[in-house]
Amino acid sequence: MNASLQKSAETRAEALPEKRSEVSCSRCDAVCCRLTVVLFPEDSSVPRHLVTRNPQGLEVMARNEDGWCLGIDPLRMCCSIYEQRPAICRKFAMGGPGCRDARKTYREQRENGIPLTLY
Ligand code: SF4
Ligand code: SF4
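Residues numbered from 1 in each chain as written. Chains lettered and ligands numbered in written order. Predicted model: local features only at pLDDT ≥ 70, side-chain atom pairs only at ≥ 80, totals over all residues.

Quick look at the overall build of the protein chain
Then, number 1: If you tally the helices and strands in the protein chain, you get 3 helices and 4 strands.
Then, number 2: When its helices and strands are written in sequence order, the protein chain yields α-β-β-β-β-α-α.
Then, number 3: Across the 119 residues in the protein chain, those meeting the buried criterion constitute 14%.
Then, number 4: Taking contacts inside the protein chain between residues at least 6 apart in sequence as the whole, the part at least 24 apart equals 61%. (Helix = DSSP H or I, 4+ residues; strand = E, 2+ residues; numbered from the N terminus. Buried ≥ 20, exposed ≤ 12 C-beta atoms within 10 Å, placed from the backbone. Contact = placed C-beta atoms within 7 Å.)

In structure tokens:
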């Protein structure tokens, strides 16, 4: 990453309300599991009944009517296919900018009574 891109990512992360160290999956509604998860060729171990195609024709994780990935265990709000989860899920860092951004959007929408948007 060049210096200016790194600086811009750091600035974005600093603008988020939580610090990385304050975030834990054990105290989260698994909101990253409401984001679009695109599958790649290396994701062949993902159970096929959890996969669909989006309007753009890409293979993605299917979601339930509330927007969570069908791979979620709804009782424990954790991944039920952890060992087989897609590559994009493996790379998603707890407390990273994407995580904190998803949490911020989720919290704001809930606070304002705005219907949750699927991404
Ligand atoms: S990675 Fe972030 S958004 Fe996803 S469950 Fe963990 S804390 Fe929540
Ligand atoms: S596959 Fe697992 S980790 Fe990935 S979005 Fe679905 S429930 Fe979350």
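A word on the environment of Ile81
Then, number 1: Mapped onto the secondary structure, Ile81 falls in the loop between strand 4 (78–79) and helix 2 (87–91).
Then, number 2: The residues touching Ile81, leaving out its near neighbours within four places in the chain, are Val46, Pro47 and Gly71.

A few points about the environment of Ile72
Then, number 1: On the secondary structure map, Ile72 appears in strand 3 (residues 72–73).
Then, number 2: With 10 residues separating them in the primary sequence, Ile72 and Tyr82 have C-alpha atoms 9.4 Å apart.
Then, number 3: With near-sequence residues (within four places) excluded, Ile72 lies in contact with Ala30, Cys33, Met77, Cys79 and Ser80.

Some thoughts on the site of ligand 2
Then, number 1: Close contacts around ligand 2 come from Cys33, Val37, Met61, Cys69, Gly71, Ile72, Cys79, Ile81, Arg85, Pro86 and Cys89, and that covers them all.
Then, number 2: When grouped by side-chain class, the residues that make up the shell around ligand 2 number 9 nonpolar, 1 polar and 1 charged. (Near = placed C-beta within 6 Å. Nonpolar A, V, L, I, M, F, W, Y, C, P; charged D, E, K, R; others polar.)

Here we look at unusual backbone geometry
Then, number 1: Phi is positive for Ala30, close to 55°, though the residue is something other than glycine.
Then, number 2: Mapped onto the elements of the fold, Ala30 is located in the loop between helix 1 (3–15) and strand 1 (51–53).
Then, number 3: The exposure class assigned to Ala30 is partly exposed, which follows from the 17 C-beta atoms found within 10 Å.
Then, number 4: Even without being glycine, Met77 reaches a positive phi, approximately 50°.
Then, number 5: Its location among the elements puts Met77 in the loop between strand 3 and strand 4.
Then, number 6: Look at Met77 and you get partly exposed, because 15 C-beta atoms sit within 10 Å.

Digging into the nonpolar core
Then, number 1: Core analysis: the largest hydrophobic core is formed by 11 residues, namely Cys32, Cys33, Leu35, Val37, Val46, Leu50, Met61, Cys69, Ile72, Cys89 and Cys99.
Then, number 2: With residues up to four places along the chain from it excluded, the contact list for Val37 reads Val60, Met61, Cys69, Pro86, Ile88 and Cys89. (Core = buried A, V, L, I, M, F, W, Y, C linked by C-beta atoms within 7 Å.)

Section: helix 3 (residues 97–111)
Then, number 1: The end-to-end C-alpha distance of helix 3, which contains 15 residues, comes to 21 Å, matching closely the 21 Å that a straight helix rising 1.5 Å per residue would cover.
Then, number 2: One or two positions beyond helix 3, positive phi appears at Gly113, with a value near 65°. (Expected span 1.5 Å × (residues − 1).)

Description of the confidence of the model for the protein chain
Then, number 1: Residues of the protein chain with pLDDT of at least 70 account for 82%, and the chain-wide mean is 86.
Then, number 2: Contacts for the low-pLDDT stretch residues 1–5, under 50 throughout, to residues beyond four places or in other chains number 1 contact. (pLDDT = per-residue confidence, 0-100.)

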